[in-house]
Amino acid sequence: MFTTLAHPKPTSAEARAALLEDPGFGRVFTDHMVTVKWTPEAGWHEAQVRAREPFQLDPAAAVLHYAQEIFEGLKAYRTGNAGVALFRPEENARRFARSADRMAMPVVPEELFLEAVEALVRVDKDWIPDGEGSLYLRPFMFANEPFLGVRPAGEYIFCVIACPVGAYFKGGAKPVTVWATDQYSRAAPGGTGAAKCGGNYAASLLAQAEATKNGCDQVVFLDAAQHRWVEELGGMNVFFVFDDGSIQTPPLSGTILAGVTRESIIALARAQGRTVREAPYDFDTWKADAASGRLRETFACGTAAVIAAIGEIRFPGGSFKIADGQDGPATLALRQELTAIQRGNAPDPYGWRRTVEGV
């Protein structure tokens, strides 16, 4: 279905090798991108793998005025058998469809989503770093119809770009410090909290700036109605590990994102014999459980960082630590098991790895 257009000036092998020495995260991009257009008359059409370049948008493009935009994030890994694999891309495709539905946008069929991602991986396979690195893939869709009127747009572009990334944490994973905001909310019931749309992240930026001002790495949001119940971090889900070995995470009530990593951790923890509860957890109990020792570990999870321990929580008027503020045994074990499956260094009894053929 995809037409591959020749790149007029691809990056040389020498220049690419220099960029891959220290790609950071989200700063270096591969040579190509995938684009597919949608209109009511033609549906999804003009599917191309082509040179990465700027879009030309009309100043009245709907995305610029009414924020009809969604995105996903997943990774391609070099595996132990010299192949390349994606981690649960079908789940990203399904979440992308749910986000599109919530934002009144056309749904990208799962087959098209997967074909687009794999087409880009195949053409830019030389950009996948060795070692702990990976190729971060960013599928996204936006409304490009030019009009000024509050209604769903009639034209859209689905695109996939990619960037090579190194280890998220230099020198290994480190516990993060989070700021609990009592002023700003990420989402409310009936809103777009469960959709992966840019507006949710834009709404979190001021709170993240507040976190940075208070010496924190991330912000954790409480519910919009009572500012009591823990929901999620700016870009990650959160888990709590107790002294009896059980694990708890906030439920998917429509205000937080259904993370693919979150779902994977729940499955792995239950396979380890742990009790996992998807249940509300309020901030005052979090503080009290940390003080009593009932709470042994807290960690956040997402595609970028995989699993990151939370060592300290700061809030207006105080702070508290989780145990000794370091990685706990459950956090370490889950991170090790998950990354081993992702990279093909352990059996995959769940069928989560998807091998990219032709690489």
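Just above sits the structure.
Counting from 1, residues in each chain are numbered in the order their sequence is written. In view of the model being predicted, local features appear only for residues whose pLDDT reaches at least 70, and side-chain atom pairs are presented and counted only at 80 or more, with totals across whole chains, interfaces and linings using the full set of residues. Side-chain numbers here rest on the full set of heavy atoms in the structure, without hydrogens or water.

Colleague: Would you take a moment to explain the packing of aromatic side chains for this structure?
Modeller: How two aromatic rings sit relative to each other is given by the distance of their centres and the angle of their planes. Two aromatic rings from Phe, Tyr or Trp, using only the six-membered ring of Trp, form a pair when their centres are within 6.5 Å; if the ring planes differ by under 30 degrees the pair is stacked, by over 60 it is edge-to-face, and anything between is tilted. Overall, the coordinates contain 21 aromatic pairs when judged by the stated rule. Taken together, a centroid distance of 5.7 Å and an interplanar angle of 80 degrees make the contact between Phe242 and Tyr281 edge-to-face. Of this pair, Phe242 sits in strand 12 (residues 237-242) while Tyr281 sits in the loop between strand 14 (276-278) and helix 7 (283-292), placing them 39 residues apart in sequence. Note on classification: 1.4 Å probe, protein chains only; a residue is buried when its accessible area is under 20% of the maximum for its type, exposed when over 50%, partly exposed between these limits. Taking relative accessible area as the criterion, Phe242 reaches 3% and is therefore assigned buried. Note on Tyr281: relative accessible area 4%, which makes it buried. Above the ring of Phe29, the side-chain terminus of Arg52 is found at 4.3 Å from the ring centroid. The rule for a charge over a ring is simple: NZ of Lys or CZ of Arg within 6 Å of the ring centre, and within 35 degrees of the ring normal. A cation over an aromatic ring shows up here: Arg151 above the ring of Phe147, its NZ or CZ 3.9 Å from the ring centre. Secondary structure follows DSSP: runs of H or I at least 4 residues long count as helices, runs of E at least 2 residues long count as strands, and numbering of each begins at the N terminus.

Colleague: Would you take a moment to explain the packing of helix 6 (residues 260-271) against helix 8 (residues 329-342) for this structure?
Modeller: Helix-helix packing: each pair is described by the crossing angle between the helix axes and the interaxial distance. Helix axes use the C-alpha atoms of the stretch in contact, all axes being lines fitted to C-alpha atoms, and the angles between their N-to-C directions lie in the range 0 to 180 degrees. Interaxial distance between helix 6 and helix 8 falls to 11 Å at its minimum, and their mutual angle equals 110 degrees. Overall, the two elements helix 6 and helix 8 adopt an arrangement that is roughly perpendicular. Crossing of helix 6 over helix 8 shows right-handed handedness. Packed against helix 6, whose contacting residues are Thr261, Ser264, Ile265, Leu268 and Ala269, the element helix 8 presents Leu334, Glu337, Leu338 and Ile341 at the interface. Residue classes follow a fixed rule: Ala, Val, Leu, Ile, Met, Phe, Trp, Tyr, Cys and Pro count as nonpolar, while Asp, Glu, Lys and Arg count as charged, and any other residue, Gly among them, counts as polar. Across the contact of helix 6 with helix 8, the residue classes tally to six nonpolar, two polar and one charged. Roughly parallel here means an angle under 35 degrees, roughly antiparallel means over 145, roughly perpendicular means 65 to 115, and every remaining angle is called oblique. Take the far helix as your reference; a near helix turned counterclockwise from it by less than a right angle gives a left-handed crossing, and one turned clockwise gives a right-handed crossing. Contact between two residues is taken to exist if any of their heavy atoms lie within 4.5 Å; hydrogens are not considered.

Colleague: Teacher, can you tell me more about helix 7 here?
Modeller: Side chains that are three or four residues apart share a direction in an α-helix, a result of its 3.6 residues per turn. Residues of helix 7 that are buried: Phe283, Trp286, Asp289 and Ala290. Within helix 7, the buried residues cover an arc of 125 degrees as seen down the axis, which keeps them to one side. Exposed and facing more than 90 degrees away from the buried side of helix 7 are Asp284, Ala291 and Ser292. Contacts described as polar in this section are N or O atom pairs within 3.5 Å, which, within protein, must combine one atom able to donate a hydrogen with one able to accept it, while residues neighboring in sequence count only if both atoms come from side chains. Put simply, Asp282 is the residue that caps the front of helix 7, since its side-chain oxygen is 3.2 Å from the backbone nitrogen of Asp284. One or two positions beyond helix 7, positive phi appears at Gly293, with a value near 95 degrees. Directions are taken from the helix axis to each C-beta atom, and the arc is the one they span.

Colleague: Honestly, empty space enclosed by the protein in this entry has me stumped. Any pointers?
Modeller: Rolled over the atoms, a probe as big as a water molecule pinpoints where empty space is left. Residues are said to line a cavity or pocket when one of their atoms sits within 4 Å of a point; the points come from a 1 Å grid over protein atoms alone, cavities being sets where a 1.4 Å probe fits but cannot get out and pockets being open sets with protein on both sides within 12 Å along at least five of seven lines. Grid points are joined across faces, edges and corners, and a volume is the space filled by probe spheres set on the points. All told, the structure shown has one cavity of 30 Å³ or more when counted by the stated rule. Size it by volume and the largest cavity reaches roughly 110 Å³. Taken together, Gly73, Leu74, Lys75, Tyr77, Phe87, Asn92, Val260, Thr261, Gly302, Thr303, Val306 and Gln342 form the lining of the largest cavity. The set of elements that each furnish at least two residues to the lining of the largest cavity consists of strand 5 (74-78) and helix 6. In the lining of the largest cavity, the residues fall into five nonpolar, six polar and one charged.

Colleague: In this structure, what is going on with the pattern of salt bridges? I would like to understand it.
Modeller: Between side chains of opposite charge, a pair can form when the charged atoms approach closely. By definition, a salt bridge exists where a carboxyl oxygen of Asp or Glu is found within 4 Å of a side-chain nitrogen of Lys or Arg. Counting across every chain of the model gives 17 salt bridges. For Glu118, the salt bridge identified is with Arg122, shortest N-O distance 3.9 Å. Taken together, the residues span about one helical turn, with Glu118 and Arg122 both in helix 4 (residues 110-123) at a distance of four residues. For Arg122, a relative accessible area of 29% puts it in the partly exposed group. Glu278 is the partner of Arg262 in a salt bridge, and the nearest nitrogen-oxygen pair spans 2.8 Å. Highlighted residues: Arg262 in helix 6 and Glu278 in strand 14, separated in sequence by 16 residues. Since its relative accessible area comes to 3%, Arg262 is described here as buried. When its relative accessible area of 38% is taken as the criterion, Glu278 is described as partly exposed. Salt bridges here are not isolated pairs; linked through shared partners, they connect Glu90, Glu118, Arg122 and Arg354.

Colleague: Sorry, what's going on with the packing of helix 3 (residues 89-102) against helix 4 here?
Modeller: The geometry of helix 3 relative to helix 4 is characterised by a closest axis approach of 9 Å and an angle of 125 degrees between their N-to-C directions. The orientation of helix 3 relative to helix 4 falls into the category oblique. Judged by the sense of rotation from one axis to the other, the crossing of helix 3 with helix 4 is right-handed. Mapping the contact onto sequence places Pro89, Glu90, Asn92, Ala93, Arg94 and Phe96 in helix 3 and Glu110, Phe113 and Leu114 in helix 4. Each residue belonging to the contact of helix 3 with helix 4 can be placed in one class, and the counts come to five nonpolar, one polar and three charged.

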